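Okay, here's what each chain looks like letter by letter:
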Amino acid sequence: MPTLRIGLIGKTNTGKTTFFNAATLQNAEISNYPFTTKTPNAAIGQAATLCVHRELGLKQDNPRNSACVDGWRMIPLEIIDLPGLIKGAYEGRGLGNQFLSVASQSDALLHIIDASGSIDAEGKIARPGVGDPVADIEDIEEELAMWYLHLFQNSEDKILRIIKTNRGIDFADALSEAMHGIGVRREDVIEALKRKQLYGEDVEQWNDRQRIDFAWSLREVSKPTLIVANKMDVPEAAKNFLKIREAYSDMIVVPASAESELTLRKAEQSGVIRYSPGEERFEIVKGAKLNERQQTALAHISKAILGEYLRTGVQFAINVAVFKLLRMNSVYPVSDVGKFSDNSGNVLPDVFLMRDGASVSDLANSIHTDLAKGLIYAIDARTGLRLPVEYQMKDRDVLSIVSASKKPGTSRAESR
Ligand SMILES: Nc1nc2c(ncn2[C@@H]2O[C@H](COP(=O)(O)OP(=O)(O)O)[C@@H](O)[C@H]2O)c(=O)[nH]1
Ligand SMILES: [Mg+2]
């Protein structure tokens, strides 16, 4: 299973690094995760989904590629932040290559904005309420779309040549090949064309407006993004939040306080609170000695954030990105359908995130190509039903894969 990557974008001082730190602080629990990233500014975070073990009547599970915390299955993924050293170097407009490189590596983006309006258009700290978060979103969105336009136009001549000289290769093939590096797939190109009524139209006849429209559309389709309205703990943010939601009614806007989440996760680490990361709720540990600063901070979080918005929004934003934007399903491969375990008796050892529409055959392939080669069918562990290889898996499916190749039903993720 390729690791999902969630990139954080946004202007300077909106809270990206705070969000990143909060989201990646509690990663020690996912111990045997093969951390292979080359980028120094990436770390392990997790998607949280309600684990199936309770529903299946199991007292305990033995997660291997993930963790189970208070009944929440924590699935590792990578969060990418802008490198710290560029702070100040790319303020405001013209964010430069670093920002685009985060975007290009990511499956989905969290666009972090300062909803409290405490930064000016250049990203410099200002008095709360001074900044215009709606305009900030526009600036970044514009930059992203222009980047797509640029990449498209740069490869256009080559694409046209390829289409003309190769029968059977169409625009969607050629463009997705050219923009493969930033995650553009053939179906994204087709969807983007359709959204702008450009499907089947001759690219050479497009006017400038149509090119720009197409670039915006391709950016939207191929790089799913949600808006994180950060700094909701600041009173000025509430008013802006409504404006943002209104101006961006076609996007998901998650209210958040990255700083509150960081405070809570640190308090949890030092043992003064019990914090459920899935629910983003906390309780003060009995007998814990809180200093005055901690008391004030926790009281404020309880009232202004958890009271008003129910959660700090950090884990929630990641979950929404994974399960709603990217439409992932969590699927649990097992060998023994009676015990819901692997061959060594580990109960519900692995969970895989599979794109909506993925089949049993796709699952077998992500576990091991050998397993896929001899694939015969899968068994639904809940009902005992045989599922054909084309069966499109649903969220929370627990399946055993039956394959003619050796090690039948193995559920260990041996290749990634
Ligand atoms: N009030 C408040 N301040 C925050 C929040 N998140 C970040 N900040 C502050 O905003 C400033 C910039 O944060 P940072 O994470 O470095 O922003 P970045 O430039 O986007 O990485 C710092 O002073 C943070 O403490 C939040 O949720 N609430
Ligand atoms: Mg930063």
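Look up a bit, the structure's there.
It should be emphasised that the depicted structure is a prediction, and the values quoted were computed from it without experimental measurement.

A.B. asks: Whenever I open this one, the environment of Ala192 confuses me. Can you help?
C.D. replies: Along the polypeptide, Ala192 turns up in helix α5 (residues 186-195). In the structure, Ala192 is positioned 26 residues away from Leu218 in sequence and 5.0 Å away in space, judged by C-alpha atoms. The contacts of Ala192, once residues within four sequence positions are left out, are Phe214, Ser217, Leu218 and Val221.

A.B. asks: Would you mind going over the side chain of Asn329 with me for this structure?
C.D. replies: The topology assignment puts Asn329 in strand β10 (residues 328-334). At 2.9 Å, the side chain of Asn329 forms a polar contact with the side chain of Asp356. Residues contacting Asn329, with those up to four places away along its chain left out, are Phe352, Leu353, Met354, Asp356, Met393, Lys394 and Asp395.

A.B. asks: What is the right way to look at the pattern of salt bridges in this model?
C.D. replies: Oppositely charged side chains can pair when the atoms bearing their charge come close. Across all of its chains, the model carries 21 salt bridges by this definition. With its nearest N and O atoms 2.9 Å apart, the salt bridge here joins Arg396 to Glu55. Separated by 341 residues along the polypeptide, Arg396 in the loop between β13 (386-387) and β14 (397-403) and Glu55 in the loop between β2 (42-50) and β3 (67-69) bring together distant segments of the chain. Here Arg219 ties to Glu141 by a salt bridge, and the two come within 2.9 Å at their closest N and O atoms. One end of the pair, Arg219, is in helix α6 (residues 208-222); the other, Glu141, is in helix α3 (residues 133-165), and 78 residues separate them in sequence. In this structure, Arg219 and Glu141 share a single accessibility class: buried.

A.B. asks: Looking at this model, I keep getting lost on the site of ligand 1. Mind explaining?
C.D. replies: Taken together, 16 residues lie around ligand 1, and Asn13, Lys16, Thr18, Asp233 and Glu259 are the ones closest in. At 3.2 Å from an oxygen atom of ligand 1 is found a main-chain nitrogen or oxygen belonging to Thr14. In this structure, Thr18 approaches ligand 1 through a side-chain N or O atom, which is 2.6 Å from an oxygen atom. Considering ligand 1 on its own, with 580 Å² of exposed area, one finds that the protein chains cover 78% of that surface. Secondary structure elements with two or more residues in the shell around ligand 1: α1 (16-24) and α8 (258-269). Ranked by residue count, the leading element in the shell around ligand 1 is α1, at 3 residues. Tallied by class, the residues present in the shell around ligand 1 amount to 2 nonpolar, 8 polar and 6 charged.

A.B. asks: Please clarify how the sheet that holds β14 should be interpreted in this entry.
C.D. replies: Hydrogen bonds along the backbone pair up the strands of a sheet, which may run parallel or antiparallel. One open sheet holds the 5 strands; their spatial order is β11-β10-β14-β12-β13, and the pairing between them is mixed. This sheet does not close on itself; its edge strands, each paired only once, are β11 (352-355) and β13. For β10 and β11, the ladder comprises 4 bridges, and the chain directions are antiparallel. What sits directly across from Asn329, in β11, is Met354.

A.B. asks: How should I be thinking about the pairing of strand β9 (residues 281-284) in this particular structure?
C.D. replies: Within a regular strand, side chains alternate between the sheet's two faces. For strand β8 (residues 273-276) and β9, the ladder comprises 4 bridges, and the chain directions are antiparallel. Looking at β9, one finds that Ser276 is bridged to Arg281.

Calculation criteria
Residues numbered from 1 in each chain as written. Chains lettered and ligands numbered in written order. Predicted model: local features only at pLDDT ≥ 70, side-chain atom pairs only at ≥ 80, totals over all residues. Heavy atoms only, no water. Helix = DSSP H or I, 4+ residues; strand = E, 2+ residues; numbered from the N terminus. Contact = heavy atoms within 4.5 Å. Polar contact = N/O pair within 3.5 Å; in protein donor to acceptor, adjacent residues only side chain to side chain. Salt bridge = Lys/Arg side-chain N within 4 Å of Asp/Glu carboxyl O. Buried < 20%, exposed > 50% of the residue type's maximum accessible area, 1.4 Å probe, protein only. Near = heavy atom within 4 Å. Areas by Shrake-Rupley, 256 points an atom, 1.4 Å probe, with all protein chains shown as cover. Nonpolar A, V, L, I, M, F, W, Y, C, P; charged D, E, K, R; others polar. Pairing = 2+ DSSP bridges.

None of this, on its own, says anything about what the molecule does.
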